[in-house]
Amino acid sequence: MTTIVEAIDLKKTYMLGKVPVEALQGVNLKVETGDFVSILGPSGSGKSTMLNMIGALDKPTAGTMLIDGVDISKLTDNQLADLRKRIGFVFQFFNLIPRLTAKDNVELSMAIADMGKAERKKKAIELLETVGLKDRINHKPAELSGGQQQRVAIARALANSPKFLLLDEPTGNIDSKTASEVVALINKLNTEQNVSIIMVTHDQYLAREAKRTVQMFDGQIISDVVNQK
Amino acid sequence: MKTIDIFGYSFSAIRLRKLRAALTTLGVIIGIAAIVALLSITQGLQATITNSLQQGLATNTLIVTPGASALGSATSGGGSFGARDGGGNGGSFGLGGSSSSGSGFNLYVNYTDQIDSLSPDIVSSFAVIQRPGFVETNNFNNTVTIYGVDFSKYSQQYSKTFIAASGTIPLSPSDNQIVVGSRVNDPGQNGTLLFSSNDSVGIIWTNATTIPIINETYKAQVSGVLAKVGGFGIGGPSDDGVYIPITQAESFFGTTQCDTIIVQLKSSDNATITNVSKAITDHFDGQVSVISSTAVLSLLSSIFSTVQLFLGGIAAISLLVAGIGIMNIMIVSLIERTREIGILKALGMKSRTVLTIFLGESVIIGLIGAVAGIVLGWILANVTARVLGSGVFGGGGGFKITPLLTPEVLIGALAFGVGISVIFALYPAWRASKLKPVEALRYE
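A.B. asks: Explain the overall build of chain A to me, please; I cannot follow it from the model alone.
C.D. replies: Within chain A, the secondary structure is distributed over seven helices and ten strands. Expected size for 229 residues packed as a compact globule is a radius of gyration near 17 Å; at 17 Å, chain A falls within 12% of this value. Each principal axis of the C-alpha atoms in chain A carries an extent, and together these give about 50 × 40 × 40 Å.

Dropping the structure here:
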């Protein structure tokens, strides 16, 4: 097992107007390949900031954030962008491009990673089959349900064979029945295809689906437990 | 990201907002069309005038007129290029019918002898007397310009235009023989001829120097009718001209004073033109203007450059407005797509790729706008030329402009259209590329 994400005494301070807000106050976390970690916490706990760090979207104020062994605070904007191609981001609001079909949305992340047209078309169709959307490949996001959109987003996140999937409230905008389908898909990816997963949520029932739950409060990790299933 | 994928993505963004993109493109189309139409019309006009001038005024020819103001007289001396009032002006750049300029110096027909002896580079010279007048047939009274010329020398000088379409040009004419321009015989330009060769017509000249004013008149016989000359009749035979022998002109107009003396040179090189011009000017103590076609052409060319710069500048302003429209719409689009830019960056897109996507949209708009603008401008130019040629503005059949679209204008319009679009998209594209992914994703 290799370490894919490692936070060492990670600190992040925002300026909210003129008031400094210490969103992360010395966080230590280690995630290895094949893991399924949920980061649980109420709003204001610093979990979104943690998400931005793990997603290489933002740099820490102090401490070290290693993603796939690389210290992100030492990277330029372009290098950060390249690193993000190795992270499978799934957003709370799906964040699909509305004018593109399901297939084109999945292809987009591969196009950004310079993959050729024929290859990415083939892979996009395969991925959409994996997430159970074989008959929806040419539908636009507006023609898909919330659960379907989220599955397109997961297919898109998997497209560049990322080191890990990073999910932000993956069931936050879908009904509970669809949510359990999405959770089942995530579990299946982790157990059957050994995809490493980091999931950020405020929902403790959802968090319990993971192998391990990290609980955050006031910018610190207050518990890190292996879930009993 | 590959270039083709970047352009594909740009294009998909444009297609999403078709009406908006179409209106933005319309701005570029109008700007480019205006530039292309104005420039191709003026260039066509310039070519027509230059051509007409070269036809009427060979490069080895000098025109001597009374009055000291060198080239100025070519443009300001009564009547303008192509003026048709009073029956047109064929003989000399619209220099007025009554010749004497303010200086009080006059040219006389027999001065040709003096001029001939001035330089070995001179082949020969001949005088032209011109007056506005009328040609009277049984039922028609037609306004013309009467030119007194030496038929032999005149036909030698204008061997391409002083040609009879019917009848002949008598080289040693008797006093009552005349040659007429095609429109004199066919004023409507519709094939209805007023007379045929060898018919008798009345020549009338209003003599305003006597008190009371009297109409001088005589019966003339039409020996030949000229082929249609067309053009503007600058410096050569005119469709509205009536040509009478110079000796007859002297007695009919009661003067030996002439309006122009046309000098034919052995060579058309600049040194000969300069030397002979100077010799003639010096001989008449600077009281005459000597015009060469080379000088007139360069003057014309500089006038047209100015006109083109002016018209092109006005058209360019409309393109500038189009550019501002592009910038405006790109900023709106940027704000609308903030979240999308956040997604793209979260997926690993580099800032410069985001920049290229936005610039790509402007390149597509600029390119489509420029191509459509060139086509539209060319159509406009041709329609305008046809309207002008159809005589709506009193041009008759002779005023023919063929719009010219030079490669310079074509490439320039294309580059200008795309260039303006890109320049005005730079700022919004730069702003898009500088968006921070975290903030862009949070944008509602």
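Moving on, there is more to tell.
A.B. asks: Whenever I open this one, the overall build of chain B confuses me. Can you help?
C.D. replies: The helix and strand inventory of chain B stands at 13 helices and twelve strands. Across the 444 residues in chain B, those meeting the buried criterion constitute 46%. Considering only residue pairs separated by 6 or more positions, chain B has 82% of its internal contacts joining residues 24 or more positions apart.

A.B. asks: Looking at this structure, I do not really get the interface of chain A and chain B. What am I missing?
C.D. replies: Many structure descriptions define interface size as the accessible area lost when the parts assemble. Chain A puts 21 residues into the contact, and the matching count from chain B is 16 residues. When residues of the side of chain A that touches chain B are traced back to their parent elements, those giving at least two are helix H2 (77-84) and helix H3 (102-112) of chain A. In terms of residues, the side of chain A that touches chain B owes the most to one element, H2 of chain A, which gives five residues.

A.B. asks: Quick question: what am I supposed to make of the sheet that holds strand E6 (residues 87-90) of chain A here?
C.D. replies: What holds strands together in a sheet is hydrogen bonding between their backbones, with the strands either parallel or antiparallel. Residues and elements named next belong to chain A. Taken in spatial order, the six strands line up as E6-E7-E8-E3-E9-E10 in an open sheet, and their pairing is mixed. If you trace the sheet from one side to the other, it starts and ends with E6 and strand E10 (220-226), each paired once. With direction set aside, neighbouring strand axes in the sheet form an average angle of 15 degrees. Most of the contacts of helix H1 (residues 47-54) go to strand E8 (residues 197-201), to which it runs at about 150 degrees, and overall it touches strand E3 (36-40), strand E7 (164-168), E8 and strand E9 (212-217).

A.B. asks: Please clarify how the packing of H3 of chain A against helix H4 (residues 117-130) of chain A should be interpreted in this entry.
C.D. replies: When two helices pack together, their arrangement is given by the angle between the helix axes and the distance between those axes. All names here are of chain A. H4 packs onto H3 with a crossing angle of 125 degrees between their chain directions and a minimal axis gap of 9 Å. The orientation of H3 relative to H4 falls into the category oblique. In this structure, H3 crosses over H4, and the sense of that crossing is right-handed. On the side of H3, the interface is formed by Ala102, Lys103, Val106, Glu107, Met110 and Ala111, while H4 contributes Arg120, Lys121, Lys123, Ala124, Ile125, Leu127 and Leu128. Residue classes in the contact of H3 with H4 are distributed as eight nonpolar, no polar and five charged.

A.B. asks: What exactly am I supposed to notice about H1 of chain A here?
C.D. replies: For the α-helix, the turn length of 3.6 residues means that residues three or four positions removed from each other point alike. Residues and elements named next belong to chain A. Counting buried residues in H1 gives eight out of eight residues, a clear majority hidden from the surface. Listing the buried residues of H1 in full gives Lys47, Ser48, Thr49, Met50, Leu51, Asn52, Met53 and Ile54. Two residues or fewer after H1 comes Ala56, characterised by a positive phi angle close to 60 degrees.

A.B. asks: Explain the packing of helix H1 (residues 3-16) of chain B against helix H11 (residues 351-389) of chain B to me, please; I cannot follow it from the model alone.
C.D. replies: Residue and element names in this part refer to chain B. Closest axis-to-axis distance for the H1/H11 pair is 8 Å, and the angle between their directions is 60 degrees. One element, H1, and the other, H11, form an angle in the oblique class. Considering how the two elements wind past one another, H1 and H11 form a crossing that is right-handed. Mapping the contact onto sequence places Ile6, Phe7, Tyr9, Ser10, Phe11, Ala13 and Ile14 in H1 and Thr353, Thr356, Ile357, Gly360, Glu361 and Ile364 in H11. Here the contact of H1 with H11 is built from residues that sort into eight nonpolar, four polar and one charged.

A.B. asks: Please clarify how the sheet that holds strand E5 (residues 70-71) of chain A should be interpreted in this entry.
C.D. replies: Residues and elements named next belong to chain A. The four strands lie next to each other as E2-E1-E4-E5, forming an open sheet whose pairing is antiparallel. With one partner strand each, in any of the chains shown, strand E2 (19-32) and E5 form the two edges of the open sheet. Where strand E4 (residues 62-67) and E5 come together, two bridges link them in antiparallel fashion. Residue Leu66 lies in a different strand from E5, and its bridge partner there is Asp71. Most of the contacts of H1 go to E2, to which it runs at about 60 degrees, and overall it touches strand E1 (3-16), E2 and E4.

A.B. asks: What am I meant to see in the pairing of E7 of chain A here?
C.D. replies: Along any regular strand, the residues point their side chains to alternate faces of the sheet. All names here are of chain A. Counting buried positions along E7 gives five out of five residues, so the element sits mostly inside the fold. Burial along E7 is two-sided: the face carrying Phe164, Leu166 and Asp168 and the face carrying Leu165 and Leu167 are both buried. Direction of pairing for E6 relative to E7: parallel, over a ladder of four bridges. By the bridge assignment for E7, Ile87 is matched with Phe164. Examined bridge by bridge, E7 and E8 share four bridges and lie parallel to one another. Note on E8: the bridge partner recorded for Leu165 is Ile197.

A.B. asks: Teacher, can you tell me more about the nonpolar core here?
C.D. replies: Generally speaking, soluble globular proteins have nonpolar side chains that are buried together. Formed by 175 residues in total, the largest nonpolar core has its most connected members in Leu166 and Ile198 of chain A together with Ile32, Val36 and Val242 of chain B. When we break this core down by domain, the ones giving at least three residues each are domain 1 (3-51 + 299-442) and domain 2 (61-266) of chain B. Once residues within four sequence positions are removed from consideration, Ile32 of chain B is found in contact with Leu319, Gly369, Ala370, Gly373, Ile374, Gly377, Ala413 and Gly417 of chain B.

A.B. asks: Could you clarify how one ought to interpret unusual backbone geometry in this entry?
C.D. replies: Residues and elements named next belong to chain A. Even without a glycine there, the phi angle at Asn194 is positive, about 55 degrees. Take Asn194: it is sitting in the loop between helix H6 (176-193) and E8. Its identity is not glycine, yet Asp218 carries a phi of approximately 50 degrees, on the positive side. Within the fold, Asp218 resides in the loop between E9 and E10. Residue classification places Asp218 among the partly exposed positions, given that 14 C-beta atoms sit within 10 Å.

A.B. asks: Whenever I open this one, the pairing of E1 of chain A confuses me. Can you help?
C.D. replies: Residues and elements named next belong to chain A. Strand direction decides the pairing type here: E1 and E2, joined by eleven bridges, are antiparallel. From the neighbouring strand, Leu16 faces E2, where its bridge partner is Val19. Hairpin geometry of E1 and E2 is characterised by an intervening segment of two residues between the two adjacent antiparallel strands and by a positive phi of about 70 degrees at Gly17.

A.B. asks: Quick question: what am I supposed to make of the environment of Thr384 of chain B here?
C.D. replies: Residue and element names in this part refer to chain B. Along the chain, Thr384 turns up in helix H11. On the basis of neighbour count, Thr384 is assigned to the partly exposed category, with 17 C-beta atoms found within 10 Å. For the pair Thr384 and Tyr111, spaced 273 residues apart in sequence, the C-alpha to C-alpha distance is 46 Å. With sequence-adjacent residues up to four places away left out, Thr384 is seen in contact with Ala37 and Ile41.

A.B. asks: I'm lost on the confidence of the model for chain B in this one. Help?
C.D. replies: Predicted coordinates in areas of low pLDDT are best not read in detail. All names here are of chain B. Averaged over all residues, the pLDDT of chain B is 83; the fraction at 70 or higher stands at 88%. Mean pLDDT across the elements of chain B bottoms out in helix H3 (residues 72-76) (37) and peaks in strand E9 (residues 241-245) (93). Here residues 70-102 is a poorly scored stretch, pLDDT under 50, and it has 83 contacts once near neighbours within four places are set aside; other chains count. Reported confidences for the modelled complex are a pTM of 0.71 and an ipTM of 0.91.

Analysis parameters
- Residues numbered from 1 in each chain as written.
- Chains lettered and ligands numbered in written order.
- Predicted model: local features only at pLDDT ≥ 70, side-chain atom pairs only at ≥ 80, totals over all residues.
- Helix = DSSP H or I, 4+ residues; strand = E, 2+ residues; numbered from the N terminus.
- Rg over C-alpha atoms; globule rule 2.2 N^0.38 Å.
- Buried ≥ 20, exposed ≤ 12 C-beta atoms within 10 Å, placed from the backbone.
- Contact = placed C-beta atoms within 7 Å.
- Pairing = 2+ DSSP bridges.
- Axes fitted to C-alpha atoms, helices over the stretch in contact; angles between N-to-C directions.
- Parallel < 35°, antiparallel > 145°, perpendicular 65-115°, else oblique.
- Left-handed = near helix turned anticlockwise from the far one by under 90°.
- Nonpolar A, V, L, I, M, F, W, Y, C, P; charged D, E, K, R; others polar.
- Core = buried A, V, L, I, M, F, W, Y, C linked by C-beta atoms within 7 Å.
- Domains from an automatic or database assignment.
- pLDDT = per-residue confidence, 0-100.

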